[in-house]
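# Close look at the chain arrangement
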Amino acid sequence: MGKLKAIFKDTAIYGLSSIIGRFLNYLLVPLYTAKLSAASGGYGVITNMYAYTALVLVLLTFGMETTYFRFTNKTHTDSSTVYSTTLISVGMVSLTFVGLVLLFLSPLSTLMGYGDHPSYVWVMAATVAIDAFLCIPFAYLRQQKKAVKFAVIKLVNIGMSILLNIIYFAWMDGNDVGYAFYINLFCSAMVGVMLIKELTGFRYKYDKELMRRMLGYSWPILVLGIAGILNQAADKMFFPYIYKGEDMQTQLGIYGACSKIAMIMAMITQAFRYAYEPIVFAGVKDKGQHEMYGQAMKYFIIFTLLAFLMVMGYINVLKYLIGADYWTGLKVVPIVMAAEIMMGIYFNLSFWYKIIDKTIWGAVFSGIGCAVLLAVNIIFVPRYGYIACAWGGFAGYGTAMIISYFVGQKYYPLDYPLKEIAVYLLLAFACFEVMRYFADFPLWGSLAINTLVILLFVGYILWRDFPLGKLPVVGKYFRKNK
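Now for a description of the structure that goes with this document. Owing to the predicted nature of the structure, the values given are computational and were not obtained by experimental measurement.

What follows is about the overall build of the chain. For the chain, the helix and strand inventory stands at 22 helices and 0 strands. In the chain, 80% of the contacts between residues at least 6 apart in sequence involve partners at least 24 apart. In the form shown here, the chain has an accessible surface area of approximately 23800 Å², with 68% of it arising from carbon and sulfur atoms.

In structure tokens, the structure reads:
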């Protein structure tokens, strides 16, 4: 019981800090879209560059976070040697990456479409290299159960970034997109200063044989990570090469800004993951665990569908989070949110191959999904623009989800309540269609109707799966008066 309480406590700290951090970072979107007009293409540059950094971060860490956790807990292995070997390896790879970027800066920046602004490329390369290296001391903090320090540093970093962005873009009325990257580099360097205790005070030792064994463990994780990040960022990375219109950066900026509204679904998925993952692996052999997987899937879908309806129901209010000249892209929000729901379902389904130590299946499913995403983008983006990017993500995650379900039922069959889930899906779709029908009504009229629709959906949830009589405190009244 003590270990379980510790898991829940750390999960709450990591989960809340991550959600709060992502929400605070989200506040930069209104600032950027207010100061960088859609026509300027400035937010398109930010969207494109951060898509690249997400992929590079996975490459530079090459699965060593998870590998560090695995090997530091192995018997007959010195944990300090594992830590220093991991630090040295990731550090050398990161330094090599920065060196290569600087060496080939001119052709690389030209290839990426930033020949006139090579500073964008080298600044972000330096930033992501620092972030990759610092992933290991952050992993060390988690391994040492220092969740509070982990969370504080993460939040201080984000708070510092927001403050500096506000000073430049709002107070100083700046509009040079390059300063967003300079601020990011400065904040990453400051995180390194805050982690100085985790980087000093011990003898650095590199064990070649240990690293060879660690690489043997980490490469499938790297493949899975690359496939996963490509599913999330490939459309934003490759859009400049596929879409040849003169308004390319404008289109990408609109897509990136409107997609951010849908990212509330990613926050819910991440919070669910933080709370769910430790419990799953801690209770693999428990009786009734299989039933818990099925019920967890159902409740995940219920709450994500509710989040979908709430975002779509109040989209005419939420749209003010971004600049008015970005509103033409709001049509991607329901598509991106639906894709995020399928990604969350795919994450839930992924436990079967993690439990039986067949993580290679994850790489296969993610790879197939990524191939579908790229195919949709390559075929349809030249004709339909960024709307094809949204449908590409929908198709990619949908494909990975469906394949994972059917293969999983063969190797690790689970009894999911499919009929109950189907009812919720149909009800949510009907609610969404009602919202669409009244979308052209005056603002307060449509908001009132949408609120009523959402309350009806909540009412069904309470009636079907959360009977009020079972609730604490309130439930006593309902049981008494039943």
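Within the structure shown, the criterion is met by 7 salt bridges. Counted as one network, the salt bridges with shared partners bring together Lys298, Glu420 and Arg464.

This part takes up the packing of helix α3 (residues 42–61) against helix α9 (residues 178–194). Axis separation between α3 and α9 bottoms out at 10 Å; the angle between their running directions is 40 degrees. On α9, the residues touching Val45, Ile46, Met49 and Tyr50 of α3 are Ala180, Phe181 and Asn184.

Scanning all chains against the criterion turns up 2 cavities of 30 Å³ or more. Approximately 30 Å³ is the volume found for the second largest cavity. No other element matches the 4 residues that helix α19 (residues 386–411) contributes to the lining of the second largest cavity. Of the residues that constitute the lining of the second largest cavity, the class distribution is 6 nonpolar, 3 polar and no charged.

Let us now look at the side chain of Lys319. Tracing the backbone shows Lys319 in the loop between α15 (315–318) and α16 (333–349). Summary of buried charges: Lys319 has no salt-bridge partner, and the nearest side chain of opposite charge, Asp440, is 9.8 Å away.

Space left empty within the atom packing is revealed by a probe, the size of a water molecule, rolled over the atoms. The volume enclosed by the second largest pocket comes to roughly 740 Å³. Around the second largest pocket, the lining comprises 25 residues; the ones closest to its centre are Leu305, Ile341, Met342, Ile345 and Leu425. Those elements giving two or more residues to the lining of the second largest pocket turn out to be α14 (289–313), α16, α19 and α20 (418–437). Looking at the lining of the second largest pocket, its residues break down into 25 nonpolar, no polar and no charged.

One finds Leu309, Val333 and Phe457 to be the most contacted residues of the largest nonpolar core, which totals 131 residues. Of all the elements, α14 adds the most residues to this core, at 12 residues. Grouped together as the second largest cluster of nonpolar side chains are 6 residues, Val56, Leu60, Ala129 and Ala132 included.

A few words now on unusual backbone geometry. The phi angle at Phe62 is positive, at roughly 35 degrees, despite the residue not being glycine. Among the secondary structure elements, Phe62 is positioned in the loop between α3 and α4 (64–72). Of the residues examined, Phe62 reaches a relative accessible area of 11% and is grouped as buried. The phi angle at Asp173 is positive, at roughly 55 degrees, despite the residue not being glycine.

Turning our eyes to something else, we now look at the packing of aromatic side chains. Inspection of every chain in the model, using the stated rule, returns 29 aromatic pairs. Ring plane angle 50 degrees and centroid distance 5.5 Å describe the contact between Tyr83 and Phe202, whose orientation is recorded as tilted. Taken together, the residues Tyr83 in helix α5 (residues 79–103) and Phe202 in the loop between α10 (196–199) and α11 (208–242) connect sequence positions 119 residues apart. For Phe202, a relative accessible area of 27% corresponds to the partly exposed category. Between Tyr179 and Tyr182 the ring centres are 5.6 Å apart and the planes differ by 90 degrees, which places this aromatic pair in the edge-to-face class. Residue Tyr179 and its partner Tyr182 are located together in helix α9, separated by 3 residues, close to a single helical turn. Tyr179 gets classed as partly exposed once you look at its relative accessible area, which sits at 36%.

Here α20 is 20 residues long and its end C-alpha atoms lie 28 Å apart, about the 28 Å a rise of 1.5 Å per residue gives. Within the sequence span of α20, burial applies to Ile421, Tyr424, Ala428, Cys431, Phe432 and Met435. The arc that holds every buried residue of α20, seen down its axis, measures 100 degrees, which confines them to one face. Exposed positions of α20 whose direction lies more than 90 degrees from the buried face are Lys419, Leu426, Phe429 and Tyr437.

On the surface, a nonpolar cluster with roughly 410 Å² of combined accessible area is contributed by Trp219, Val223, Ile360, Val364 and Ile368. Looking at the nonpolar patch, the elements with two or more residues in it are α11 and α18 (360–384). Top contributing element to the nonpolar patch by residue count: α18, with 3 residues. Looking at the secondary structure, you find Ile360 in helix α18. Taking the relative accessible area as the measure of exposure, Ile360 reaches 42% and is therefore partly exposed.

As a further point, take the environment of Leu452. Looking at the secondary structure, you find Leu452 in helix α21 (residues 443–464). By relative accessible area, which is 52% here, Leu452 ends up exposed. Residues Leu452 and Cys431, spaced 21 residues apart in sequence, show a C-alpha to C-alpha distance of 10.0 Å.

Calculation notes
- As a convention, each chain's residues are numbered from 1 in the sequence order in which they are written.
- Restriction of local features to residues with pLDDT of at least 70 applies here, the model being predicted, together with a cutoff of 80 or more for giving and counting side-chain atom pairs; totals for whole chains, interfaces and linings are based on all residues.
- With hydrogens and water excluded, all non-hydrogen atoms of the structure serve as input to the side-chain values.
- Numbering of helices and strands runs from the N terminus; a helix is a DSSP stretch of H or I covering at least four residues, while a strand is a stretch of E covering at least two.
- In this analysis, two residues are considered to be in contact whenever any of their non-hydrogen atoms come within 4.5 Å of each other.
- All accessible areas in this document rest on Shrake-Rupley with a 1.4 Å probe, and a residue is counted as covered only by the protein chains that are shown.
- Just to be clear on terms, a salt bridge is a Lys or Arg side-chain nitrogen sitting within 4 Å of an Asp or Glu carboxyl oxygen.
- Axes, fitted as lines to C-alpha atoms, cover a helix only where it is in contact. Angles between the N-to-C directions of the axes lie from 0 to 180 degrees.
- We place a 1 Å grid over just the protein atoms. Points where a 1.4 Å probe fits but has no way out form a cavity, open points with protein on both sides within 12 Å along at least 5 of 7 lines form a pocket, and any residue with an atom within 4 Å of a point lines it.
- Grid points are joined across faces, edges and corners, and a volume is the space filled by probe spheres set on the points.
- Ten residues, namely Ala, Val, Leu, Ile, Met, Phe, Trp, Tyr, Cys and Pro, are considered nonpolar, four, namely Asp, Glu, Lys and Arg, are considered charged, and the remaining ones, Gly among them, are considered polar.
- The classification of residues rests on relative accessible area computed with a 1.4 Å probe and restricted to protein chains. Under 20% of the type maximum is buried, over 50% is exposed, and intermediate values are partly exposed.
- For the purpose of charge, His is not counted, nor are the chain termini; Lys and Arg are scored as positive and Asp and Glu as negative.
- The criterion is simple. A nonpolar core is a set of buried Ala, Val, Leu, Ile, Met, Phe, Trp, Tyr and Cys residues joined through side-chain atoms within 4.5 Å.
- Any pair of Phe, Tyr and Trp rings, taking the six-membered ring for Trp, is counted once the centres come within 6.5 Å. Such a pair is stacked with planes under 30 degrees apart, edge-to-face with planes over 60 apart, and tilted for the rest.
- Multiplying 1.5 Å by the helix residue count minus one yields the expected span of that helix.
- Regarding the arc, it is the one traced by the directions from the helix axis to the C-beta atoms.
- A patch consists of residues exposed above 30% relative accessible area that lack any salt bridge, with like charges linked at up to 9 Å and nonpolar side chains (Val, Leu, Ile, Met, Phe, Trp, Tyr) linked at up to 5 Å.

Remember, this is a structural readout, not a statement about activity or role.
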